[in-house]
Structure formats: C-alpha cells, structure tokens
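These are the residues of each chain, in order.
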Amino acid sequence: MALITAMSNSFGARLFDEHWRPQFDTPQWRTTLTTYLRAMQNYGPPGARRQRLQRDLALFTQGQCAMWFDSQPRRHS
C-alpha cells in the first residue's frame, strides 16, 4: 500500500478531506489505480497477484525485477 499512497500523492489524490471523509472516489484516485494496474500488466511479472516473498526475492536477485517493494513484516530476534 505504500506504493499506491505515494503514487496517489503524485496524481494529487487525497486519502481524506479536512473533515476526515474518505476521498477514494475521485478522478485522481482513478488515474492512480489505472496507472498502477497498467504498469503491473505491462511490466510486472506474470501472475504478480499470486507472487510470494521467496519468488519475488529470486526474481530480484536474478536481475529479472527492477524494483521490489517488500510488504512482509520482519520478525526481529
């Protein structure tokens, strides 16, 4: 979700208005989501929706993935 939020800011979208009402049904959010989905379809790995941590790591370390956003929480010992 961090990537989507950063993208939405770039397109001028807001999460909430000054009265804390959600602002997801706006042209800016539609542009954000359309751009994200188009990028995933055109440049993402096949089956990206089902990708898992180890597969993503393998693609990245093999040079088959230019950017990798890890959303898995880290466990600290």
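Before any of the text, the structure's been laid out above.
Being a predicted model, the structure only gives us computed values, none of them experimental. (Residues numbered from 1 in each chain as written. Predicted model: local features only at pLDDT ≥ 70, side-chain atom pairs only at ≥ 80, totals over all residues. Heavy atoms only, no water.)

## Looking at the packing of aromatic side chains
Here comes step 1: A full pass over the atoms with the stated rule returns three aromatic pairs.
Here comes step 2: Seen from their ring centres, Phe 16 and Trp 20 are 5.4 Å apart, and the 50° between their planes marks the pair as tilted.
Here comes step 3: Between the aromatic rings of Phe 16 and Phe 24, the centroid separation amounts to 6.4 Å while the plane-to-plane angle is 70°, which identifies the pairing as edge-to-face.
Here comes step 4: Take Phe 24: its relative accessible area is 45%, and that puts it in the partly exposed class.
Here comes step 5: Aromatic ring contacts, followed pair by pair, group Phe 16, Trp 20, Phe 24 and Trp 29 into a single cluster. (Phe/Tyr/Trp six-rings, centres within 6.5 Å; stacked < 30°, edge-to-face > 60°. Buried < 20%, exposed > 50% of the residue type's maximum accessible area, 1.4 Å probe, protein only.)

## Topic: the side chain of Ser 8
Here comes step 1: Topologically, Ser 8 is positioned in helix H1 (residues 2-10).
Here comes step 2: Discounting chain neighbours no more than four positions away, the residues touching Ser 8 are Ala 13, Trp 29 and Thr 32. (Helix = DSSP H or I, 4+ residues; strand = E, 2+ residues; numbered from the N terminus. Contact = heavy atoms within 4.5 Å.)

## Some remarks on the pattern of salt bridges
Here comes step 1: Per the counting criterion, the structure on display carries three salt bridges.
Here comes step 2: With a shortest N-O distance of 3.3 Å, Arg 14 and Glu 18 are connected by a salt bridge.
Here comes step 3: You can call Glu 18 exposed: its relative accessible area is 59%.
Here comes step 4: Residue Arg 21 is joined to Asp 17 by a salt bridge in which the shortest nitrogen-to-oxygen separation is 2.8 Å.
Here comes step 5: The partly exposed category is assigned to Arg 21, whose relative accessible area is 46%. (Salt bridge = Lys/Arg side-chain N within 4 Å of Asp/Glu carboxyl O.)

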